[in-house]
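The lines below spell out each chain.
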Amino acid sequence: MFHLRTCAAKLRPLTASQTVKTFSQNRPAAARTFQQIRCYSAPVAAEPFLSGTSSNYVEEMYCAWLENPKSVHKFLPLSINCGPCMAVPHPSSSGLSCPHRPAGFYGLDESDLDKVFHLPTTTFIGGQESALPLREIIRRLEMAYCQHIGVEFMFINDLEQCQWIRQKFETPGIMQFTNEEKRTLLARLVRSTRFEEFLQRKWSSEKRFGLEGCEVLIPALKTIIDKSSENGVDYVIMGMPHRGRLNVLANVIRKELEQIFCQFDSKLEAADEGSGDVKYHLGMYHRRINRVTDRNITLSLVANPSHLEAADPVVMGKTKAEQFYCGDTEGKKVMSILLHGDAAFAGQGIVYETFHLSDLPSYTTHGTVHVVVNNQIGFTTDPRMARSSPYPTDVARVVNAPIFHVNSDDPEAVMYVCKVAAEWRSTFHKDVVVDLVCYRRNGHNEMDEPMFTQPLMYKQIRKQKPVLQKYAELLVSQGVVNQPEYEEEISKYDKICEEAFARSKDEKILHIKHWLDSPWPGFFTLDGQPRSMSCPSTGLTEDILTHIGNVASSVPVENFTIHGGLSRILKTRGEMVKNRTVDWALAEYMAFGSLLKEGIHIRLSGQDVERGTFSHRHHVLHDQNVDKRTCIPMNHLWPNQAPYTVCNSSLSEYGVLGFELGFAMASPNALVLWEAQFGDFHNTAQCIIDQFICPGQAKWVRQNGIVLLLPHGMEGMGPEHSSARPERFLQMCNDDPDVLPDLKEANFDINQLYDCNWVVVNCSTPGNFFHVLRRQILLPFRKPLIIFTPKSLLRHPEARSSFDEMLPGTHFQRVIPEDGPAAQNPENVKRLLFCTGKVYYDLTRERKARDMVGQVAITRIEQLSPFPFDLLLKEVQKYPNAELAWCQEEHKNQGYYDYVKPRLRTTISRAKPVWYAGRDPAAAPATGNKKTHLTELQRLLDTAFDLDVFKNFS
């Protein structure tokens, strides 16, 4: 239906009175209501359809035509075939076809085609002419839309944008190239093609996921970058799957060829930093001169896993961060390019999630150029099995992104489309898609046999002449180059590859840091090491704490009316400040506010984070009388503070967490936090956690300080919203449960943090939460931080911390030891309970009720990983007569038990058993019955305080 709103429908014959008469005579009676009220002879200026703005009318017209072609005017259906058509990939030739029906189908004959019509102002096919015969009109529209370029844009509900695209494709003679441009294009095709051929000659049995069949991708990307650089862009961040990555690294990013070639050497020793990744997953950062514009350009290709589209939101987040740090509020200096495969673009939901972020205020990057390498197959799966939509690019329509389909065997058409795409992004700052309709000459990889599953397709492909040969023959025939010049260009690049190959043999060690996609200049030493291995106190002076508390409990904007309930919350905060205490929300406020004072940008993102899922945060105040008037008190703390960004996200975890991870990649001097609405919702972002956050440094030598806030706790609210699945995070920690580290090592705690892949904590006090947030920035390196945050503790009267716990000289407590009567007489303690998080308050309440404060000691493990072997050994040695037990509110096969038990046993050299007090194993995280929940809780408390319960197991 979107084909109809086109210039052909607006053609007005010179004999207008006769045409109006024809309209009135031939219009049949019909049941559709629009036919009875629509006046077809209305003036152009007054007709909504003729102005190209009434999509509903177009849809009704199209539906009517489908039922009865004679129910609409005979010239109108011409627009279906003569307007901006949808390019149809032709599997045998990788061409684009635009099917036509014979003129007689529409009630036309040859004489109608010679009638002359005025051209409306909405078309550009006339050039300098204002009227053309219908035959010529059809021919020009076919030349514009039915050759090697197909354009989808009529669904865009913005007339200016539609007209802009029409002008780019309809203007006669607009797609012209100079001889110099053609020679540059040929040279780029030579590099793209000969690079793959060189790799195939040298390493014929190695997987490299080559670009054969879409060699035009390299000049396409370079054209987008050239045009964007010409328009003022100086930083391009790219994301792509594995196919063609080595070619992009070599010929777009300009990675040294010897660094690529040495990756194929199986004898190359791995460097010390991390476990590494395969060559076609690695990224790169490079700053160089763009030879076309003679301007500096920085190119960053983000490393990615095999999960084809997982890097999309990461690239977007990094792009947003780079725009933020350089003050690029309109995306004129920093942009992103995303490459996709056809099957992944249609099949992966993260593509939609990323598009969905593209125009949100705190997530927009002001337009991304998407390039789809459409080789018309996904591994072994045909398109008819891979998607329900006609085209792999249809998902882009949800954000009104124009889609340019182009035959990749026509390099000039590809270059023109890429120029238009770059200009579109520069003009409208919106997403755009270039669909390179191509083929895959080999199988999924170089070792794969595609004839097993696509025999006919690959018989055709093997007959297909390579695009370089086709284009070279064309330019030779045009006299643009001669055969010796072409052969010299090939020889020149082959020589470059051979010389680089010779140099690659001198490489003995594989340094992954040479492939870093996000360097942090000045943060580390020149050899990439931390500048120290210590962490200063995370405490603050009382004046700073008081100042932040006062701002947090007030409205720093005049004539701003807040909700009455919020007034009570702020009043309570003010009273806490006077009493020198903090709750969870106030502790977070003080951690954030103090870091802002130190110039650290803070970005908190996630679903409902502005208010907080549990209505405890209230970082954005809303005027109750003025619509959309808001206030963020955190941005009113200090005169020269860093900015604070707090933003409610879309209802997405995968996309948003990937975005925040990318944002945190850009700079170490920012605290970037993602909060799940409930902790269990992180599992829809599991790919980002498993492929990027957990192993990112090991694979790509890329540190990242992102913080995950995951609300967790058994509150009797059912199997969902109870568990943040701590067992999953702990299972992925890289420490050895059976090896006791050297506890006498200097700065043992900091060295542990440096060696770990991420930090996992479950704080039981607001003060410790405050310290761990500040420590995240004050450490001389960056590690992901996983925090299981509370729900009921947010308002628990005992979950308070004194200012004294947050003053200078104080630190994050990895372990909080028993400090009651049991600690005064440790020899009398019969049982030492270890726990973490909220269950501590259940245990202390029960212990007091049973009058066992002198017999049972309770030690809280606040930092679960890296495991605090040193502090726990001291605790065990302090209570020589106590049996040891781990207590948790989670089920036995979940939570922390399987992680903690072997490490505790290692700590004490397996001298004692470590008993379990908690819920039984279960499939679900929690019961849905409140009474059952309370029964289970009481059972675990009974087990924890029954001093005889484990005697039968000894």
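Residues numbered from 1 in each chain as written. Predicted model: local features only at pLDDT ≥ 70, side-chain atom pairs only at ≥ 80, totals over all residues. Heavy atoms only, no water.

### Points about the sheet that holds strand E22 (residues 707–711)
Part 1 of the reasoning: Taken in spatial order, the seven strands of this open sheet run E20-E17-E21-E22-E24-E23-E29, and their pairing is mixed. In the strand order of this sheet, the two ends are held by strand E20 (644–648) and strand E29 (863–865), each with one partner. Across the sheet, the mean angle from the axis of one strand to that of its neighbour is 20 degrees, orientation sign disregarded.
Part 2 of the reasoning: Pairing of strand E17 (residues 601–606) with E20, which is carried by five bridges, proceeds in the parallel orientation. Bridging across to E20, glycine 606 finds its partner in asparagine 648.
Part 3 of the reasoning: Along the sheet, helix H22 (residues 584–597) contacts E17, E20, strand E21 (670–675) and E22; its crossing angle with E17, the most-contacted strand, is approximately 140 degrees. (Pairing = 2+ DSSP bridges. Helix = DSSP H or I, 4+ residues; strand = E, 2+ residues; numbered from the N terminus. Axes fitted to C-alpha atoms, helices over the stretch in contact; angles between N-to-C directions. Contact = heavy atoms within 4.5 Å.)

### Quick notes on helix H27 (residues 748–755)
Note: α-helices contain 3.6 residues per turn, so residues at a spacing of three or four share the same orientation.
Part 1 of the reasoning: Taken as a whole, H27 has its buried residues at Phe748, Ile750, Asn751, Gln752 and Leu753.
Part 2 of the reasoning: On its buried face, H27 is in contact with strand E23 (759–761), helix H28 (766–778), E29 and helix H31 (869–878). (Buried < 20%, exposed > 50% of the residue type's maximum accessible area, 1.4 Å probe, protein only.)

### Some points on the sheet that holds strand E26 (residues 815–816)
Part 1 of the reasoning: On the basis of which strands lie adjacent, the open sheet formed by five strands has the order E26-E28-E27-E30-E31 and mixed pairing. Strands at the two margins of the open sheet, each flanked by one partner only, are E26 and strand E31 (914–919).
Part 2 of the reasoning: Bridging between strand E27 (residues 831–835) and strand E30 (residues 883–891) involves four bridges; their strand directions are parallel. Among the inter-strand pairings, arginine 831 is bridged to a residue of E30, identified as glutamate 883.

### A short note on the pairing of strand E24 (residues 785–789)
Part 1 of the reasoning: Across the five residues that make up E24, a large majority, five, are buried.
Part 2 of the reasoning: Burial along E24 is two-sided: Leu785, Ile787 and Thr789 and Ile786 and Phe788, pointing in opposite directions, are all buried.
Part 3 of the reasoning: Sheet analysis places E22 next to E24, joined by five bridges and oriented parallel. Within E24, the residue paired with leucine 708 across the bridge is isoleucine 786.
Part 4 of the reasoning: For E23 and E24, the ladder comprises three bridges, and the chain directions are parallel. Each residue of the ladder has a partner; that of valine 761, found in E24, is isoleucine 787.
Part 5 of the reasoning: Viewed along the sheet, the connection from E23 through H28 into E24 turns out right-handed. (Right-handed = clockwise from strand over helix to strand, strands pointing away.)

### Considering the confidence of the model for the protein chain
Part 1 of the reasoning: The share of residues in the protein chain with pLDDT of 70 or more is 88%, and the mean pLDDT across the chain is 88.
Part 2 of the reasoning: Contacts from residues 1–58, a stretch scored under 50 in pLDDT, to residues over four places away or in other chains number 103 contacts. (pLDDT = per-residue confidence, 0-100.)

### Considerations on the packing of helix H20 (residues 542–552) against helix H21 (residues 564–578)
Part 1 of the reasoning: Here H20 crosses H21 at 165 degrees, and the two axes come no closer than 8 Å. If you check the angle between H20 and H21, you find them roughly antiparallel. Here H20 runs over H21; the crossing is left-handed. Each of Thr546, Gly549, Asn550 and Ala552 in H20 lies in contact with H21, whose residues at this interface are Leu570, Arg573 and Val577.
Part 2 of the reasoning: Of the residues that constitute the contact of H20 with H21, the class distribution is three nonpolar, three polar and one charged. (Parallel < 35°, antiparallel > 145°, perpendicular 65-115°, else oblique. Left-handed = near helix turned anticlockwise from the far one by under 90°. Nonpolar A, V, L, I, M, F, W, Y, C, P; charged D, E, K, R; others polar.)

### Some details on the packing of H20 against H22
The relative placement of two packed helices comes down to the angle between their axes together with the axis-to-axis distance.
Part 1 of the reasoning: At a minimum axis separation of 9 Å, H20 and H22 run at an interaxial angle of 115 degrees. The angle between the axes of H20 and H22 places the two elements in the roughly perpendicular class. Both H20 and H22 take part in a crossing whose hand is right-handed. The residues of H22 that touch H20, namely those facing Ile544, Leu545, Ile548, Gly549 and Ala552, are Leu586, Tyr589, Met590, Gly593, Ser594 and Lys597.
Part 2 of the reasoning: Residue composition of the contact of H20 with H22, by class: seven nonpolar, three polar and one charged.

### Describing the side chain of glutamate 152
Part 1 of the reasoning: In this structure, glutamate 152 sits in strand E6 (residues 149–152).
Part 2 of the reasoning: With relative accessibility at 2%, the residue glutamate 152 sits in the buried group.

### Quick word on unusual backbone geometry
Part 1 of the reasoning: In the segment running from serine 865 into proline 866, the intervening peptide bond is cis, with an omega of 0 degrees.
Part 2 of the reasoning: Mapped onto the fold, proline 866 is located in the loop between E29 and H31.
Part 3 of the reasoning: A positive phi angle, close to 60 degrees, is found at arginine 725, a residue other than glycine.

### Observations concerning the packing of aromatic side chains
Part 1 of the reasoning: Going through the model one piece at a time under the given rule, you end up with 38 aromatic pairs.
Part 2 of the reasoning: Between the aromatic rings of phenylalanine 169 and phenylalanine 404, the centroid separation amounts to 5.3 Å while the plane-to-plane angle is 50 degrees, which identifies the pairing as tilted. Note that phenylalanine 169 is positioned in helix H7 (residues 159–170) and phenylalanine 404 in strand E13 (residues 403–407), a separation of 235 residues in sequence. Summarising the burial analysis for this pair, phenylalanine 169 and phenylalanine 404 share the class buried.
Part 3 of the reasoning: Summarising the aromatic geometry, the rings of tryptophan 886 and tyrosine 896 are spaced 6.1 Å apart at their centres and angled 70 degrees between planes, so their arrangement reads as edge-to-face. Of this pair, tryptophan 886 sits in strand E30 while tyrosine 896 sits in the loop between E30 and helix H32 (897–907), and the two are ten residues apart along the sequence.
Part 4 of the reasoning: Classification of tyrosine 896 as buried rests on a relative accessible area of 1%.
Part 5 of the reasoning: What links up through ring pairs into an aromatic cluster is the set Phe195, Phe198, Trp203, Phe261, Phe264 and Phe501.
Part 6 of the reasoning: For lysine 783, the ring lying beneath its charged end belongs to tyrosine 754, and the centroid distance is 5.6 Å.
Part 7 of the reasoning: Lying over the aromatic face of tyrosine 899, arginine 903 brings its terminal NZ or CZ to 3.6 Å of the ring centre. (Phe/Tyr/Trp six-rings, centres within 6.5 Å; stacked < 30°, edge-to-face > 60°. Lys NZ or Arg CZ within 6 Å of the ring centre and 35° of its normal.)

### Observations concerning helix H24 (residues 686–693)
Part 1 of the reasoning: Judged by how many residues are buried, H24 sits mostly within the fold: seven of eight residues are covered.
Part 2 of the reasoning: Turning to H24, its buried residues are Gln686, Cys687, Ile688, Ile689, Gln691, Phe692 and Ile693.

### What to know about the pattern of salt bridges
Part 1 of the reasoning: Inspection of every chain in the model, using the stated rule, returns 48 salt bridges.
Part 2 of the reasoning: Salt-bridge contacts for glutamate 212 lead to arginine 208; the nearest nitrogen and oxygen are separated by 2.9 Å. With respect to burial, glutamate 212 and arginine 208 carry one shared label: buried.
Part 3 of the reasoning: Salt-bridge contacts for glutamate 936 lead to arginine 919; the nearest nitrogen and oxygen are separated by 2.7 Å. Of this pair, glutamate 936 sits in helix H33 (residues 930–945) while arginine 919 sits in strand E31, and the two are 17 residues apart along the sequence. Arginine 919 shares its class with glutamate 936; the two are buried. (Salt bridge = Lys/Arg side-chain N within 4 Å of Asp/Glu carboxyl O.)

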